[in-house]
Amino acid sequence: MSPVVLITGVTSGIGRATAAYLASRQMQVFGTVPEPVDGLQQHPGGYHIMTMDVRDDAAVRQAVGAIMARAGHVDVLVNNAGVGFNAPLEETSIEDARRVFEINTFGPLRVIQAVLPSMRQRGRGLIINTSSIGGQIAIPFDGVYSASKFALEGLSEALSLELFPFGIKVVILEPGNINTSMILRSSTKRCHDEKSPYFQFHENAYAAAVANEREGSSPLMIARKIEAIIAERKPALRYVGGTLIERLMIPVKHLLPGRLFERLVAREYRLDSTQRAKDPALEPS
């Protein structure tokens, strides 16, 4: 019998590619979007879509309830909905940071809490939480995004242990650079003020991030990775989706001295660590 799969955030990118691909593999797929949709609708890609704002407790319960009413259960939950945010931490408002965490960290937790009673009752289920390589390696000017993914990874590790007695598996999926234009579409407050001490460094890092994303892997690669995880009888706790270099970055981080690895990341994002940045606000006029 084909598994019932719930994927959050199928508007574009990894979510849309995964929903269409798994549907083509004869899985019963339900995808959620934040945009208003009239009930549960059939998508041309072969899956169903419905509205779910992962920031809203009632909206999450309503959407999951509708899926349960249609399919009876959820075998696989793919927490994919997420938002990027690119800005210097010093210049990031707490309100903006809270919004990122609401979507990237608390959102997945809300959906998990909604599907778990059914999974526990059935004694099986698979939860795939989409993190990022940025969930283990902090990216400059993506500090809030990385922090939200670090938190999601900690939540996932604890959840995996808590669900061990119930036969429910938890997987952390860490995509690398994926060609989805997420950075260009991200909720961002880029530092356009040339008087900011971060201006040039932020511009350099942003340009490097956009170039890396443009040269990144196809979202279909992640869709196939998710299909392979679903097929595993005993899936691993973590999977990295990306190039060989990206897959090696995480073990290298733990092998190298912290400051040396930091310098490598700084070089990748074109941050000049040899020259002290000057604060224009402190310069004589």
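Structure's up top.
Not measured: the values here are computed from a predicted model.

## Some words on the side chain of D75
Alright, step 1. Relative to the assigned elements, D75 resides in the loop between α2 (57-71) and β5 (76-79).
Alright, step 2. On the accessibility criterion, D75 (16% relative accessible area) is buried.
Alright, step 3. A distance of 3.2 Å separates polar atoms of two side chains, one belonging to D75 and the other to H73.
Alright, step 4. Excluding its chain neighbours within four sequence positions, the residues that come into contact with D75 are S2, P3, V4, M119, R122, G125 and L126.

## Focus on unusual backbone geometry
Alright, step 1. Positioned with a positive phi, Q26 is a non-glycine residue whose angle comes to about 70°.
Alright, step 2. Note on placement: Q26 falls in the loop between α1 (13-24) and β2 (28-33).
Alright, step 3. A residue is classified by how much of its surface remains accessible, and Q26, at 60% relative accessible area, is exposed.
Alright, step 4. Of note in the backbone geometry, F141 takes a positive phi value of approximately 70° without being a glycine.
Alright, step 5. The residue F141 is located in the loop between β6 (125-130) and α4 (143-163) in this model.

## Observations concerning the side chain of S156
Alright, step 1. Tracing the chain through its elements places S156 in helix α4.
Alright, step 2. For S156, the side chain forms a polar contact with the main-chain oxygen of L152, separated by 2.7 Å.
Alright, step 3. Apart from the residues lying within four places of it in its own chain, the contact partners of S156 are N129, V170 and I172.

Cut-offs used in this document
- One numbering rule holds for all chains: residues counted from 1, following each sequence as written.
- Totals for whole chains, interfaces and linings use every residue, but because this is a predicted model, local features are given only for residues with pLDDT of at least 70 and side-chain atom pairs only at 80 or more, for both listing and counting.
- Think of the side-chain values as coming from all heavy atoms in the structure, minus any hydrogens and water.
- Put simply, DSSP marks the helices as runs of H or I at least four residues long and the strands as runs of E at least two long, and each gets a number from the N terminus on.
- When accessible area is computed with a 1.4 Å probe and restricted to protein chains, residues below 20% of their type maximum are described as buried, those above 50% as exposed, and intermediate ones as partly exposed.
- Think of a polar contact as two N or O atoms within 3.5 Å of one another; within protein, one of them needs to be a possible hydrogen donor and the other a possible acceptor, and neighboring residues in sequence only count if both atoms come from side chains.
- In this analysis, two residues are considered to be in contact whenever any of their non-hydrogen atoms come within 4.5 Å of each other.

Limitation: the analysis is restricted to geometry and does not speak to function.
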